Amino acid sequence: MLFVGCWDRQVRALEYETGVVDRAWLAANSAIRTMHIHEDWLFTGSLETQIRAFNLTTGACKSYEGHESGVNCMATHFVCDAEGNIKNTWLLSGSDDSSIIIWDMAKCKRLEKL
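Residues numbered from 1 in each chain as written. Predicted model: local features only at pLDDT ≥ 70, side-chain atom pairs only at ≥ 80, totals over all residues. Heavy atoms only, no water.

Section: the pairing of strand S4 (residues 32-38)
Here six bridges tie S4 to strand S5 (residues 41-46), and the two strands are oriented antiparallel to one another. For His 38, the partnering residue across the bridge sits in S5 and is Trp 41. Taking the residues between adjacent antiparallel strands as the criterion, S4 and S5 are bridged by two residues, where Glu 39 takes a positive phi near 50°. (Pairing = 2+ DSSP bridges. Helix = DSSP H or I, 4+ residues; strand = E, 2+ residues; numbered from the N terminus.)

Following this line, the structure appears as structure tokens:
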């Protein structure tokens, strides 16, 4: 499956080999600028200040609010203990407001704004 974020605010899921649209949904109130996939979640960043996350299995949606301008980029970071076991997963996001926010991915909670 290939996911495409568009200026028309929609995300389209395309069959990779055929290019046929499997599904599409309205994912933002403004043009989508960036997307990030982690496990079953698709994150979208747009010209608006929030990040929206869509569970690709259940259809659940959640949002992360804290930027003051559009979201440009996102990445995942794993927090591990001394033995290398994953303790937490963070979402990092960068914005036109010149900030980077570290989010607790599971709780949709802002941990720090840099």
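Digging into the nonpolar core
Of all hydrophobic cores here, the largest spans eleven residues; its members are Trp 41, Phe 43, Ile 51, Ala 53, Tyr 64, Val 71, Met 74, Leu 91, Ile 101, Trp 103 and Met 105. When residues of this core are traced back to their parent elements, those giving at least two are S5, strand S6 (50-55), strand S8 (71-80) and strand S10 (100-104). Residues Phe 3, Ala 13, Ala 28 and Ile 32 belong to the second largest nonpolar core, which totals ten residues. (Core = buried A, V, L, I, M, F, W, Y, C linked by side-chain atoms within 4.5 Å. Buried < 20%, exposed > 50% of the residue type's maximum accessible area, 1.4 Å probe, protein only.)

Looking at the side chain of Ser 95
The residue Ser 95 is located in strand S9 (residues 86-95) in this model. Judged by its relative accessible area of 10%, Ser 95 is buried. Residues contacting Ser 95, with those up to four places away along its chain left out, are His 67, Ser 69, Gly 70, Val 71 and Asn 72. (Contact = heavy atoms within 4.5 Å.)

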